[in-house]
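One-letter residues, chain by chain:
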Amino acid sequence: MSIIRYKRILSTNAKAKALAEDSAPEWTVVVSDIQTHGKGRMGRKWESHKGGLWFSVILRPGILARSVPMLQFLASNATRRAVHERAGVQAWTKWPNDLVLDSGKLAGILVESKSEGDMVCFAVVGIGLNVNQRMGELPAGATSLYEVSRRKHRLNDLMEEIVQNMKKEYRRLKNPVEIFDEWWRNCVHRSRQVQVKTRSGVVKGMSSGIDLDGSLLVETGEPALEKLVEGTLRVLNDQSE
Ligand code: BT5
């Protein structure tokens, strides 16, 4: 694994994409102390002050373009396990790309890729993990490892563990059922009532599973099952919400 380190950068994903276009090998990692234009999904901003772990990994997985969402689930599993093993914190996965604790959003993942025909040329897996920031340094609705464990963690150890876990998970891409199973077993909204805002409206119902293409299955009763390919999810506390 070759690691390229910055003190400050616009976005590690943007840099990793440029390097991948320039033939950088698989498992090249770009990491920065600060991102000035950290990216979330759908043009959202990712706040990336000092104290968090902001990095991107270049992959050349040789998979079909339609299988790219799998990488998001693979990276979530790898990050969840590293956080447990290295920091002793038990986080939950949340569809489609978050790790959460009771106190808020701990991490977000942004996968960007380039395809030729049906096949992926490269994918960049960007991981943002709130580590040593204190409450006042975090955006609303966010939490950090420091906030739950009350101790500082080494960013580099966490990053190396996440990348090692991704490497271990990599061969599962041929049998993604295992990736989705692990993700679903640790999902915060498994069989719970949820509300999902999608581009075409709001869907409410019981979150009942993940399809092999990464879609969320929601039992609404009208029709019985909706399959959502994108959206922003909120877990409802009870059926009356
Ligand atoms: C994500 O988007 O959760 C994907 C975030 C990926 C960030 C990594 S950092 C390394 C790499 N380089 C990049 O430029 N990006 C990747 P999304 O699901 O759209 O969530 C974005 C929303 O999360 C924002 O609209 C805020 O509400 C919230 N948010 C922003 N910064 C946050 C933070 N540090 N912690 C928790 N929540 C945050």
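Residues numbered from 1 in each chain as written. Predicted model: local features only at pLDDT ≥ 70, side-chain atom pairs only at ≥ 80, totals over all residues. Heavy atoms only, no water.

## Structural notes on the overall build of the protein chain
For the protein chain, the helix and strand inventory stands at 5 helices and 12 strands. For the protein chain, the spread of C-alpha atoms along the principal axes amounts to about 50 × 45 × 30 Å. A total of 241 residues make up the protein chain; the buried ones form 54% of that total. A distance of 5 Å separates the average location of the 36 positive side-chain charges in the protein chain from that of its 28 negative side-chain charges. (Helix = DSSP H or I, 4+ residues; strand = E, 2+ residues; numbered from the N terminus. Buried < 20%, exposed > 50% of the residue type's maximum accessible area, 1.4 Å probe, protein only. Lys, Arg positive; Asp, Glu negative; His and termini not counted. Charge placed at Lys NZ, Arg CZ, Asp CG, Glu CD.)

## Remarks on helix α1 (residues 12-21)
Within α1 the residues assigned to the buried category are Thr 12, Asn 13, Ala 16, Leu 19 and Ala 20. Burial along α1 is one-sided: seen end-on, the buried residues are contained in an arc of 125°. Tucked into the core, α1 has its buried residues touching β1 (2-9), β2 (28-35), β3 (53-59), β6 (104-116) and β7 (119-129). Regarding α1, its N-cap is Ser 11, as a side-chain oxygen of that residue lies 3.2 Å from the backbone nitrogen of Asn 13 further along. Backbone geometry just downstream of α1 places Ser 23 in the positive-phi region, at approximately 70°. (Arc of directions from axis to C-beta. Contact = heavy atoms within 4.5 Å. Polar contact = N/O pair within 3.5 Å; in protein donor to acceptor, adjacent residues only side chain to side chain.)

## Some details on the sheet that holds strand β5 (residues 98-101)
Through backbone hydrogen bonds, the strands of a sheet pair up, either in parallel or in antiparallel fashion. The sheet built from 7 strands is open, its strands ordered β1-β2-β3-β7-β6-β5-β4 with mixed pairing. Edge positions in the open sheet fall to β1 and β4 (92-94), since each of these has one partner strand only. Between one strand axis and the next, the sheet turns by 20° as a mean value, whatever way the strands run. Looking at chain direction, β1 and β2 are connected through 7 bridges and run parallel. Residue pairing for β2: Ile 9 is matched across the bridge by Gln 35. Sitting on the sheet, helix α4 (residues 155-170) is in contact with β1, β2, β3 and β7, with an inclination near 30° to β3. (Pairing = 2+ DSSP bridges. Axes fitted to C-alpha atoms, helices over the stretch in contact; angles between N-to-C directions.)

## Things to note about the site of the ligand
In the vicinity of the ligand lie 26 residues, with Ser 11, Lys 39, Arg 44, Lys 105 and Asn 130 positioned nearest. Measuring from an oxygen atom of the ligand, one finds a side-chain N or O atom of Asn 97 at 3.3 Å. Side-chain polar atom of Asn 130 to a nitrogen atom of the ligand: 2.8 Å apart, as the coordinates give it. Coverage of the ligand by the protein amounts to 89% of the 790 Å² it exposes when considered alone. With 4 residues, the single largest contributor to the shell around the ligand is β6. Looking at side-chain class alone, the shell around the ligand contains 7 nonpolar, 12 polar and 7 charged residues. (Near = heavy atom within 4 Å. Areas by Shrake-Rupley, 256 points an atom, 1.4 Å probe, with all protein chains shown as cover. Nonpolar A, V, L, I, M, F, W, Y, C, P; charged D, E, K, R; others polar.)

## What to know about the pairing of β5
The side-chain alternation of β5 yields two buried faces, one formed by Asp 98 and Val 100 and the other by Leu 99 and Leu 101. Note: β4 against β5, 3 bridges, orientation antiparallel. Each residue of the ladder has a partner; that of Lys 94, found in β5, is Asp 98. Joining the antiparallel neighbours β4 and β5 is a turn of 3 residues. Here β5 folds back onto β6, and the loop between the two strands holds 2 residues.

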